[in-house]
Amino acid sequence: MTALAVTLPLVATAPAAQARPAAAPNAAIAWHVHAQTAIYEVARQSPTPATRSFAIVQGAVYDAVNAIAGTPYEPYLTAPDARPGDSTPAAVATAAYRVLLWLFPKQAGSLDAQYRESLAAIPAGRAKRGGIRVGEAAAAAMIEARRDDGAFSDATWPVGTEPGQWRPTPPDHLQVGAWYATLKPFVIRPADYTSPGPPALAGKAYARALNEVKALGSAGSTVRTPEQTEAAVWWDDLRMVEWAIVRQLATTHRLSTLETARLFAMVDIAAADTLIACYREKKRWRFWRPVTAIPLANTDGNPATDADPSWAPLRTTAPSAEYPSGHACYTTAVTAGLREFFGRDDLSFSASSADSGTTRHYDSLSVALAELLEARVWAGVHYRFASIDGWRLGTAVARDVLDQEFRPRHG
């Protein structure tokens, strides 16, 4: 991990968001928690569709809060008419509620209750009415933009039988998530971003990568350390630790509601577009997973690989093509958004995983990301080259999203 960490980009430190005295409860954080409840705890969306859902919610919240603040930043979709005194908490609650209700109409009962509770804490009057109106407008713009965006289509992964070609993986041999490759992007043109592809099956680089994951990523590995096992499980939790990390940083840095809404939108929209580009490349290369390749290594034409028909990974392999790593793409975009917002890499944060039963602490975005890239190998679900190229792709996409959106307005 140390060797990899020094290769990840460390940016020059810019003025960071300044800590400030404790303020009123942050509505953007509260509704981010409500969004997680709807998206994962109730709907049980896997990380890929959840990324789309978070981006839709947070983009609407950002536009609503930004409008009430006088539009100090470029809007994402819209800048609804707003008065200076309009209630920001009412706008946040309304924008998030309306979008979540559109995404999850079957959750109307619980969402209605959360919304009523949020509005009950806001004094009645013109400010409250104004905030509701702004939130409604921001949500309406987002819903219109994402209507018929290609989500949950019946697209499938190309399945092959030749060496190197992807096929459904155990235990359930599912076809899931291919629709994300053609999802309507939020900012960039995904076709503008490509990866070099996996190494040739007959080459030394492929043999080295396969033998590494075979040894380190096996369910019964004798060379993987307990620390590596914990990290592999911790990063693989479907209740993504990144969600809690972003909220924790907003809380510990005492961000205002506007700052929090902007941070969440930067992270989530950059991540969504990164995954779209990543899944396009997955579909393009349709490369086989270690759980397929290792038992069939006697068919790959490489004398340096040996088949092990009984090999199984530490963690369950996702039902999608292997290259590049979606988790590497995603976490690269998240850390890029955090680094851009705070203007520094040396951020301290932690999060807990129910899967591992542990809390892990970090003092640097680069160190955390480097560990994630390694952890996909330790989990037995990716080759090293898939994680490295996912990092490179994520870096390029996130940079361009953040260059185009959420910038301060000048003049």
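For the structure itself, look to the data block above.
The sections below set out a description of the structure shown in this document.

What counts and what doesn't
- Residues numbered from 1 in each chain as written.
- Predicted model: local features only at pLDDT ≥ 70, side-chain atom pairs only at ≥ 80, totals over all residues.
- Heavy atoms only, no water.
- Helix = DSSP H or I, 4+ residues; strand = E, 2+ residues; numbered from the N terminus.
- Rg over C-alpha atoms; globule rule 2.2 N^0.38 Å.
- Buried < 20%, exposed > 50% of the residue type's maximum accessible area, 1.4 Å probe, protein only.
- Contact = heavy atoms within 4.5 Å.
- Lys, Arg positive; Asp, Glu negative; His and termini not counted.
- Charge placed at Lys NZ, Arg CZ, Asp CG, Glu CD.
- Salt bridge = Lys/Arg side-chain N within 4 Å of Asp/Glu carboxyl O.
- Phe/Tyr/Trp six-rings, centres within 6.5 Å; stacked < 30°, edge-to-face > 60°.
- Lys NZ or Arg CZ within 6 Å of the ring centre and 35° of its normal.
- 1 Å grid on protein atoms, 1.4 Å probe; cavity = no way out; pocket = protein on both sides within 12 Å on 5 of 7 lines; lining within 4 Å.
- Points joined across faces, edges and corners; volume = space filled by probe spheres on them.
- Nonpolar A, V, L, I, M, F, W, Y, C, P; charged D, E, K, R; others polar.
- Axes fitted to C-alpha atoms, helices over the stretch in contact; angles between N-to-C directions.
- Parallel < 35°, antiparallel > 145°, perpendicular 65-115°, else oblique.
- Expected span 1.5 Å × (residues − 1).
- Pairing = 2+ DSSP bridges.
- Left-handed = near helix turned anticlockwise from the far one by under 90°.
- Core = buried A, V, L, I, M, F, W, Y, C linked by side-chain atoms within 4.5 Å.

A word on the overall build of the chain
Phase 1: Regarding its fold elements, the chain presents 14 helices and two strands.
Phase 2: Scaling as 2.2 N^0.38, a compact globule of 411 residues should have a C-alpha radius of gyration of about 22 Å, and the chain matches this with 22 Å.
Phase 3: A total of 411 residues make up the chain; the buried ones form 57% of that total.
Phase 4: Once local pairs closer than 6 in sequence are excluded, the contacts in the chain between residues at least 24 apart make up 81%.
Phase 5: When the 40 basic and 40 acidic side-chain charges of the chain are each reduced to a single mean position, those positions are 3 Å apart.

Examining the side chain of Arg247
Phase 1: Within the element layout of this structure, Arg247 appears in helix 9 (residues 241–252).
Phase 2: For Arg247, which is buried and forms no salt bridge, the nearest opposite charge comes from Glu41, at a distance of 7.2 Å.

Description of the packing of aromatic side chains
Phase 1: Taken as a whole and assessed by the stated rule, the structure comprises 22 aromatic pairs.
Phase 2: When the centroid spacing of 5.0 Å and the interplanar angle of 10° are considered together, the rings of Tyr383 and Phe385 count as stacked. When sorted by exposure, Tyr383 lands in the same class as Phe385, which is buried.
Phase 3: Ring pairs connect the aromatic residues Phe152, Trp157, Trp166, Trp179, Tyr180 and Tyr279, which therefore count as one cluster.
Phase 4: Positioned above the aromatic ring of Phe186 is the side chain of Arg146, whose terminal nitrogen or guanidinium carbon lies 3.8 Å from the ring centre.

Let's talk about empty space enclosed by the protein
Phase 1: Per the counting criterion, the structure on display carries three cavities of 30 Å³ or more.
Phase 2: As a volume, the largest cavity reaches approximately 70 Å³.
Phase 3: Around the largest cavity, the lining residues are Trp235, Glu242, Ile245, Thr331, Val334, Thr335, Leu338, Phe349, Leu365, Ala368 and Leu369.
Phase 4: Broken down by element, the lining of the largest cavity gets its largest block of residues, four residues, from helix 12 (residues 326–342).
Phase 5: Its volume calculated, the second largest cavity comes out at about 50 Å³.
Phase 6: Lining the second largest cavity are His32, Glu242, Trp243, Val246, Phe264, Val267, Asp268 and Tyr330.
Phase 7: Here the residues of the lining of the second largest cavity sort into five nonpolar, one polar and two charged.

Section: the side chain of Asp389
Phase 1: Within the fold, Asp389 resides in helix 14 (residues 384–404).
Phase 2: Overall, Asp389 belongs to the buried group, its relative accessible area being 7%.
Phase 3: Residue contacts for Asp389: discarding those within four places in its chain leaves Ser195, Pro196, Gly197, Tyr323 and Pro324.

Quick notes on the packing of helix 2 (residues 27–42) against helix 10 (residues 257–285)
Phase 1: Between helix 2 and helix 10, whose axes approach to 8 Å, the crossing angle comes to 40°. As the angle between them shows, helix 2 and helix 10 are arranged oblique. Contacts between helix 2 and helix 10 involve Ala27, Ala28, Ile29 and His32 from the first element and Thr257, Thr260, Ala261, Phe264 and Asp268 from the second.
Phase 2: Its residues placed into classes, the contact of helix 2 with helix 10 shows five nonpolar, three polar and one charged.

Here we look at the layout of surface pockets
Phase 1: In this model, the largest pocket occupies a volume close to 920 Å³.
Phase 2: Lining the largest pocket are 41 residues, and of these Ser46, Pro47, Leu238, Ala318 and Pro319 sit closest to its centre.
Phase 3: Residue composition of the lining of the largest pocket, grouped by class: 18 nonpolar, 13 polar and 10 charged.

What to know about helix 14
Phase 1: Across its 21 residues, helix 14 extends 31 Å between first and last C-alpha, which sits within 8% of the 30 Å expected from 1.5 Å per residue.
Phase 2: The element helix 14 is largely enclosed, with a buried count of 15 among its 21 residues.
Phase 3: Looking one or two places after helix 14, you find Phe406, whose phi comes out positive at around 65°.

Structural notes on the pairing of strand 1 (residues 349–353)
Phase 1: For strand 1, a buried count of four out of five residues is recorded, marking the element as mostly surrounded by other parts of the structure.
Phase 2: Two strands pair when backbone bridges link them, and strand 1 and strand 2 (residues 358–362) are joined in this way by five bridges, in the antiparallel orientation. Bridge assignment links Ser350 to a residue of strand 2, and that residue is His361.

Focus: the packing of helix 2 against helix 4 (residues 88–103)
Phase 1: Between helix 2 and helix 4, whose axes approach to 9 Å, the crossing angle comes to 15°. Considering their axes alone, helix 2 and helix 4 lie roughly parallel with respect to each other. Crossing geometry of helix 2 relative to helix 4 is assigned as right-handed. Contacts between helix 2 and helix 4 involve Ala27, Ala28, Trp31, His34, Ala35, Ala38 and Ile39 on the former and, on the latter, Pro89, Val92, Ala93, Ala96, Tyr97 and Leu100.

Quick look at the nonpolar core
Phase 1: Judged by nonpolar contacts, the single largest core of 113 residues is most densely connected at Leu100, Trp235, Leu263 and Leu338.
Phase 2: Apart from residues no more than four positions distant in its own chain, Trp235 is found in contact with Val241, Glu242, His327, Thr331, Tyr362, Ala368, Glu371, Leu372 and Ala375.
Phase 3: In this structure, Leu201, Phe287, Val291 and Trp311 belong to the second largest nonpolar core, which totals 16 residues.

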